[in-house]
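# Topology and contacts: notes
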Amino acid sequence: MLIRWRHGWEIPESEATPERVALGRRSLLGSAAALGLGGSAVAARAAVSPTPAGVPTGFPGPMAAPVDPRFLPGRAFTPSKDVYTYNNYYEFGSQKNIWREAQRLPLHPWSITIDGLVEQKQTIGLEDLLKQVSLQERLYRHRCVEAWALTIPWTGLPLKRLLEIAKPLSSAKYIVFRTDENHRAMPGLREVWYPWPYVEGLTMFEASNDLAILAVGLYGQPLKPQNGGPIRLVVPWKYGFKSAKAIVQVTFAAKRPLTFWEEVDGREYGFWANVNPAVPHPRWSQARERLIGFDKVVPTQIYNGYGEWVAGMYKGIKGQQLFR
Ligand SMILES: Nc1nc2c(c(=O)[nH]1)N[C@H]1C(S)=C(S)[C@@H](COP(=O)(O)O)O[C@H]1N2
Ligand SMILES: [Mo]
C-alpha cells in the first residue's frame with residue numbers, strides 16, 4: 001500500500017491498519033448473493049475502472065467498491081469493532097453502547113420518499129436505487145462535535161447522484177434528510193423532550209459537493225444498524241451530527257430547515273456545523289480530537305482537513321455562525 005503523507009499531522013505508514021487487503025474478484029462476485037441484488041447491479045459494479053496505482057484497494061466484502069483516490073484519510077483506520085460498538089444514535093439512547101439495541105431496527109425492505117420541490121414525488125426502494133448507481137469506497141475522517149474522531153472506509157454513492165435521480169426544481173435551496181421513527185425498535189423516541197424525528201439538512205450547493213455521500217456500507221460490509229444502516233448521510237467536513245442515519249425521507253425545500261440539534265440548542269449545535277479547531281464549543285475546546293480505538297489525541301483541522309474541497313462554498317456567506 002502506498003499513501004503519500006501530505007500533512008505533518010498524518011501518521012507514519014508503520015501505524016497504518018493491517019486490515020487493508022487487496023480486493024479479490026471473488027469478493028466482488030460474492031456480493032450478489034449476499035446483498036440479494038440482481039446480476040445487472042453486479043455487472044455495473046464490476047465495470048468500474050480499476051483502482052489507479054498507488055491508491056489502496058477497497059475492503060473486501062459484499063459492499064466492496066473501488067476507492068475514490070482523491071480523498072485519502074492520512075491516518076490509520078479505526079478498528080472496525082470500535083466503529084461498530086461506539087456510536088451516537090439518540091433514537092436508541094444517549095449512551096455510546098447502543099449497538100446491541102440497534103439490531104432490532106429492521107433494515108429490509110427499505111424505501112426512501114423523495115418529495116418537496118421536485119419534478120415528481122417518488123418513493124424508491126433501496127435495492128432499486130442501488131441498481132441505478134455505482135458505489136465507491138470513500139476513506140474519510142469523521143469528527144464528532146464531542147471531540148472524538150474515527151477514520152472509516154465507507155461504501156456509498158455520491159449525493160450528487162441522488163440529486164440526478166430526484167430532479168429537484170430550481171426553487172429548491174435546501175435538501176432535508178429525515179431519519180426513520182420506528183417506535184417498536186427505538187426506545188429513545190419515548191424521550192419526548194427531543195424534537196423527533198431526527199432531521200438534518202444541507203444547502204443544495206453543499207449537497208452537490210463531491211465529498212458528500214450517502215453511505216450504504218463500511219469496511220466492505222453492509223451498513224450496520226448502529227452506524228445508520230441501511231443508508232445514511234456522510235459529510236466529513238462537518239461535525240458528525242450532520243450525518244443523519246437511517247434515512248427514510250429526502251425533501252427539497254426553499255426554506256432552511258430547523259435541524260434536530262439546532263432545535264435542541266442552537267447556540268451549541270448550528271445548521272452549518274463546519275469543523276474548526278479555532279471555534280470552541282460553548283462547553284469545550286475543539287482544538288484537538290481523540291482517536292477512538294487508539295490511545296491518541298491529534299490536532300483538529302479546519303473543515304476536518306477537507307478545506308481544499310469545501311472552503312470555497314462559504315466565501316460569500318457573512319454574519320452566520322459557520323463553525324458550530
Ligand atoms: N438519526 C440519528 N443520526 C445521527 C445521530 C443520532 O443520534 N440520530 N448522531 C449523529 C452523531 S452526533 C454522530 S457523531 C454520528 C455517529 O455515527 P456513528 O455512530 O456511525 O459513528 O451519527 C450522527 N447521526
Ligand atoms: Mo457527534
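In case you missed it, the structure is sitting above this.
Residues numbered from 1 in each chain as written. Chains lettered and ligands numbered in written order. Predicted model: local features only at pLDDT ≥ 70, side-chain atom pairs only at ≥ 80, totals over all residues. Heavy atoms only, no water.

### Considering the overall build of the protein chain
- Summing up its helical and strand segments, the protein chain has nine helices and 12 strands in all.
- The burial tally for the protein chain puts 57% of its 324 residues in the buried class.
- Across the protein chain, every contact between residues at least 6 apart in sequence was considered, and the portion connecting residues at least 24 apart equals 71%.
- Within the structure as shown, the protein chain displays about 14000 Å² of accessible surface, and the carbon and sulfur contribution to it stands at 54%. (Helix = DSSP H or I, 4+ residues; strand = E, 2+ residues; numbered from the N terminus. Buried < 20%, exposed > 50% of the residue type's maximum accessible area, 1.4 Å probe, protein only. Contact = heavy atoms within 4.5 Å. Areas by Shrake-Rupley, 256 points an atom, 1.4 Å probe, with all protein chains shown as cover.)

### Re the environment of Val-145
- With respect to the element layout, Val-145 can be found in the loop between strand 3 (136–143) and strand 4 (148–158).
- Each C-alpha atom of the pair Val-145 and Val-275 lies 8.1 Å from the other, and the pair is 130 residues apart in sequence.
- Residues contacting Val-145, with those up to four places away along its chain left out, are Tyr-239, Gly-240, Phe-241, Tyr-269, His-281, Trp-284 and Gln-286.

### Describing the pattern of salt bridges
- Counting across every chain of the model gives 15 salt bridges.
- Lys-81 is paired through a salt bridge with Asp-82; the nearest N and O atoms lie 3.8 Å apart.
- A residue is classified by how much of its surface remains accessible, and Lys-81, at 56% relative accessible area, is exposed.
- Using a relative accessible area of 15% as the deciding quantity, one classes Asp-82 as buried. (Salt bridge = Lys/Arg side-chain N within 4 Å of Asp/Glu carboxyl O.)

### Observations regarding the pairing of strand 6 (residues 199–203)
- A large share of strand 6 lies buried, amounting to five of its five residues.
- Side chains Val-199, Gly-201 and Thr-203 of strand 6 all project onto a buried face; the interleaved residues Glu-200 and Leu-202 project onto the opposite face, where all are buried too.

### A short note on the sheet that holds strand 6
- Pairing within the open sheet is mixed, and its five strands lie in the order 2-1-10-5-6. Strands at the two margins of the open sheet, each flanked by one partner only, are strand 2 (122–125) and strand 6. This sheet shows a mean twist of 20 degrees between the axes of neighbouring strands, independent of strand direction.
- With four bridges joining them, strand 1 (residues 111–116) and strand 2 adopt antiparallel strand pairing. Within strand 2, the position partnered with Ile-114 by the bridge is Gln-122. (Pairing = 2+ DSSP bridges. Axes fitted to C-alpha atoms, helices over the stretch in contact; angles between N-to-C directions.)

### Focus: the nonpolar core
- Counting residues in hydrophobic clusters, the biggest one holds 93 residues, and the most contacted among them are Leu-159, Ile-175, Phe-177, Trp-237 and Phe-252.
- In this view, Phe-177 contacts Leu-159, Tyr-198, Val-199, Glu-200, Gly-201, Leu-202, Leu-214, Leu-233, Ala-244, Ile-247, Gln-249 and Val-250; residues no more than four positions away in its chain are not counted. (Core = buried A, V, L, I, M, F, W, Y, C linked by side-chain atoms within 4.5 Å.)

### Thoughts on the site of ligand 1
- As a matter of local geometry, ligand 1 sits amid 19 residues, with Tyr-90, Glu-91, Arg-232, Ser-243 and Lys-245 nearest to it.
- Contact distances for ligand 1 include 2.7 Å between an oxygen atom and a backbone N or O atom of Tyr-90.
- Interatomic distance of 2.8 Å between a backbone N/O atom of Ser-243 and a nitrogen atom of ligand 1.
- For ligand 1, the protein covers 98% of the area, taking 540 Å² as the surface of the free molecule.
- Its residues assigned to classes, the shell around ligand 1 comprises eight nonpolar, eight polar and three charged. (Near = heavy atom within 4 Å. Polar contact = N/O pair within 3.5 Å; in protein donor to acceptor, adjacent residues only side chain to side chain. Nonpolar A, V, L, I, M, F, W, Y, C, P; charged D, E, K, R; others polar.)

### Description of the pairing of strand 12 (residues 296–299)
- Across four bridges, the pairing between strand 11 (residues 288–291) and strand 12 is antiparallel. Its bridge partner being in strand 12, Glu-289 is matched across the sheet by Val-298.
- Turn length for the strand 11-strand 12 hairpin, with the two strands adjacent in sequence and antiparallel, is four residues, and the turn residue Gly-293 shows positive phi of about 90 degrees.

### What about the side chain of Asn-87?
- Within the fold, Asn-87 resides in the loop between helix 3 (80–85) and helix 4 (99–102).
- A polar side-chain atom of Asn-87 sits 3.5 Å from the main-chain carbonyl oxygen of Gln-226.
- Apart from the residues lying within four places of it in its own chain, the contact partners of Asn-87 are Gln-95, Lys-96, Ile-98, Trp-99, Gln-226, Asn-227 and Lys-245.

### Observations regarding the side chain of Asp-82
- Considering the arrangement of structural elements, one finds Asp-82 in helix 3.
- Residues in contact with Asp-82, not counting those within four places in the same chain, are Ile-292 and Gly-293.

### Remarks on the packing of aromatic side chains
- Scanning the model with the defined rule gives 24 aromatic pairs in all.
- Consider the rings of Tyr-174 and Phe-271, whose centres lie 5.8 Å apart with planes at 80 degrees: the pair is edge-to-face. With Tyr-174 in strand 5 (residues 174–179) and Phe-271 in the loop between helix 8 (260–265) and strand 11, this residue pair connects regions lying 97 residues apart in the sequence. Judged on exposure class, the residue Tyr-174 and its partner Phe-271 are both buried.
- Here the aromatic rings of Tyr-303 and Tyr-314 are separated by 5.7 Å at their centres, their planes lie at 10 degrees, and the arrangement is stacked. (Phe/Tyr/Trp six-rings, centres within 6.5 Å; stacked < 30°, edge-to-face > 60°.)

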